[in-house]
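Listed here are the chains, written in short residue letters.
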Amino acid sequence: MFYLFMFFRLKEDVLRSMVKKAFRKAGNIRKLEKEIKIPRSTLSDYHTEKRLINNNNLRKLEKFLDVNYHGLKPVAYVVKNQTISFE
């Protein structure tokens, strides 16, 4: 069985602003971690934009924020160590 993760590199500050809104809605990073089941270290990396976000975690954030970011234009997709850039 082949399982594929797709990672998104979003425009600068888009991921940071999403995570910041989620922090405010949940109260703090620990509460958000429990609520959406994403590890605190990963949330912190998303906030500082050190890590690309995968499809599953992006959907969890969207669901938590009650926002549809499907219209976001990613800067690049990363699939199996190959980057497909749109710039």
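Only a predicted model underlies this, so the values are computations on that prediction, with no experimental measurement involved. (Residues numbered from 1 in each chain as written. Predicted model: local features only at pLDDT ≥ 70, side-chain atom pairs only at ≥ 80, totals over all residues. Heavy atoms only, no water.)

A.B. asks: Sorry, what's going on with helix α4 (residues 55-65) here?
C.D. replies: Three or four residues apart is the spacing at which side chains of an α-helix point the same way, because the helix has 3.6 residues per turn. Taken together, the buried positions of α4 are occupied by N57, L58, L61, E62, F64 and L65. Here the buried residues of α4 occupy an arc of 165° about the axis, which is enough to place them on one side. Of the surrounding secondary structure, the elements contacted by the buried residues of α4 are β1 (7-9), α1 (14-26), α2 (29-36), α3 (40-47) and β2 (53-54). Looking at where α4 begins, the residue whose side-chain oxygen comes 3.1 Å from the main-chain nitrogen of N56 is N54. Of the residues flanking the end of α4, it is D66, one or two places downstream, whose phi is positive at about 55°. (Buried < 20%, exposed > 50% of the residue type's maximum accessible area, 1.4 Å probe, protein only. Helix = DSSP H or I, 4+ residues; strand = E, 2+ residues; numbered from the N terminus. Arc of directions from axis to C-beta. Contact = heavy atoms within 4.5 Å. Polar contact = N/O pair within 3.5 Å; in protein donor to acceptor, adjacent residues only side chain to side chain.)

A.B. asks: Quick question: what am I supposed to make of α3 here?
C.D. replies: Among all positions of α3, only T42, L43, D45 and Y46 are buried. Buried residues of α3, seen end-on, are gathered within an arc of 160° and therefore sit on one face of the element. Positioned one or two residues after α3, E49 has a phi angle of 60°, which is positive.

A.B. asks: Hey, could you run me through the packing of α2 against α4 in this one?
C.D. replies: Describing two packed helices takes the angle between their axes plus the distance from one axis to the other. Relative to each other, α2 and α4 sit at 105°, their axes nearing to 11 Å. Judged by the angle between their axes, α2 and α4 are roughly perpendicular. Here L32, E35 and I36 of α2 lie close against α4, whose contacting residues are K60, L61 and F64. (Axes fitted to C-alpha atoms, helices over the stretch in contact; angles between N-to-C directions. Parallel < 35°, antiparallel > 145°, perpendicular 65-115°, else oblique.)

Everything listed here is a matter of geometry and, on its own, says nothing about what the molecule does.
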